[in-house]
Amino acid sequence: MREETSPIAICEHCKLPITPEQRPSVQLKNGGQLHVECYNDYHSAERKKMD
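Please read these numbers as outputs of a predicted model, since none were measured by experiment.

Chemist: What am I meant to see in the nonpolar core here?
Modeler: Nonpolar side chains in soluble globular proteins tend to be buried together. Core analysis: the biggest nonpolar cluster contains 7 residues, these being Ala 9, Cys 11, Ile 18, Leu 28, Leu 34, Cys 38 and Tyr 42. Beyond its immediate sequence surroundings of up to four residues, Leu 34 is in contact with Cys 11, Glu 12, His 13, Ile 18, Ser 25, Val 26, Leu 28, Tyr 39 and Tyr 42.

Structure (structure tokens):
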């Protein structure tokens, strides 16, 4: 029997796939996901947009 695979999420910041080894990812309010490593860069960029 084949094992079910979950759909691969794409990081909203770097646009690379988030693999199961890189979980847990950061869930955004808009439903997107980020690598934990990308969160600080994404958050800083979003803050600069608002200034």
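Once you've had a look at it, read on.
Chemist: I would appreciate a short explanation of the pattern of salt bridges in the present structure.
Modeler: Pairing of side chains with opposite charge becomes possible as their charged atoms draw close. The tally for this structure, following the rule as stated, stands at 1 salt bridge. We note a salt bridge from Glu 46 to Lys 49, for which the minimum N-O separation is 3.2 Å. On the criterion of helical spacing, the pair formed by Glu 46 and Lys 49 is a turn pair, its members being 3 residues apart in helix 1 (residues 39-50).

Chemist: Looking at this structure, how should I read the layout of surface pockets?
Modeler: It is the rolling of a water-molecule-sized probe over the atoms that shows where space remains empty. Looking at the largest pocket, its volume works out to about 160 Å³. As for the largest pocket, its lining consists of Val 26, Gln 27, Leu 28, Lys 29, Asn 30, Tyr 39, Tyr 42, His 43 and Glu 46. Listing elements by their share of the lining of the largest pocket, those giving two or more residues are strand 3 (26-27) and helix 1. It is helix 1 that provides the largest number of residues to the lining of the largest pocket, a total of 4 residues. Residue composition of the lining of the largest pocket, grouped by class: 4 nonpolar, 3 polar and 2 charged.

Chemist: Which parts of the structure should I look at to understand the side chain of Ser 25?
Modeler: On the secondary structure map, Ser 25 appears in the loop between strand 2 (17-18) and strand 3. Within polar-contact distance, the side chain of Ser 25 engages the side chain of Gln 33 at 2.9 Å. Excluding residues within four positions of it along the chain, Ser 25 makes contact with Ile 18, Gln 33, Leu 34 and Val 36.

Chemist: Would you mind going over the environment of His 35 with me for this structure?
Modeler: Here His 35 shows up in the loop between strand 4 (33-34) and helix 1. Classification of His 35 as buried rests on a relative accessible area of 5%. Between the alpha carbons of His 35 and Pro 17 there is a distance of 8.9 Å; along the sequence they are 18 residues apart. Residues contacting His 35, with those up to four places away along its chain left out, are Cys 11, Cys 14, Leu 16, Pro 17, Ile 18, Gln 22 and Val 26. A polar contact of 3.2 Å, which involves the side chain of His 35, links it to the backbone oxygen of Pro 17.

Quick notes on the rules
Residues numbered from 1 in each chain as written. Predicted model: local features only at pLDDT ≥ 70, side-chain atom pairs only at ≥ 80, totals over all residues. Heavy atoms only, no water. Core = buried A, V, L, I, M, F, W, Y, C linked by side-chain atoms within 4.5 Å. Buried < 20%, exposed > 50% of the residue type's maximum accessible area, 1.4 Å probe, protein only. Contact = heavy atoms within 4.5 Å. Salt bridge = Lys/Arg side-chain N within 4 Å of Asp/Glu carboxyl O. Helix = DSSP H or I, 4+ residues; strand = E, 2+ residues; numbered from the N terminus. 1 Å grid on protein atoms, 1.4 Å probe; cavity = no way out; pocket = protein on both sides within 12 Å on 5 of 7 lines; lining within 4 Å. Points joined across faces, edges and corners; volume = space filled by probe spheres on them. Nonpolar A, V, L, I, M, F, W, Y, C, P; charged D, E, K, R; others polar. Polar contact = N/O pair within 3.5 Å; in protein donor to acceptor, adjacent residues only side chain to side chain.

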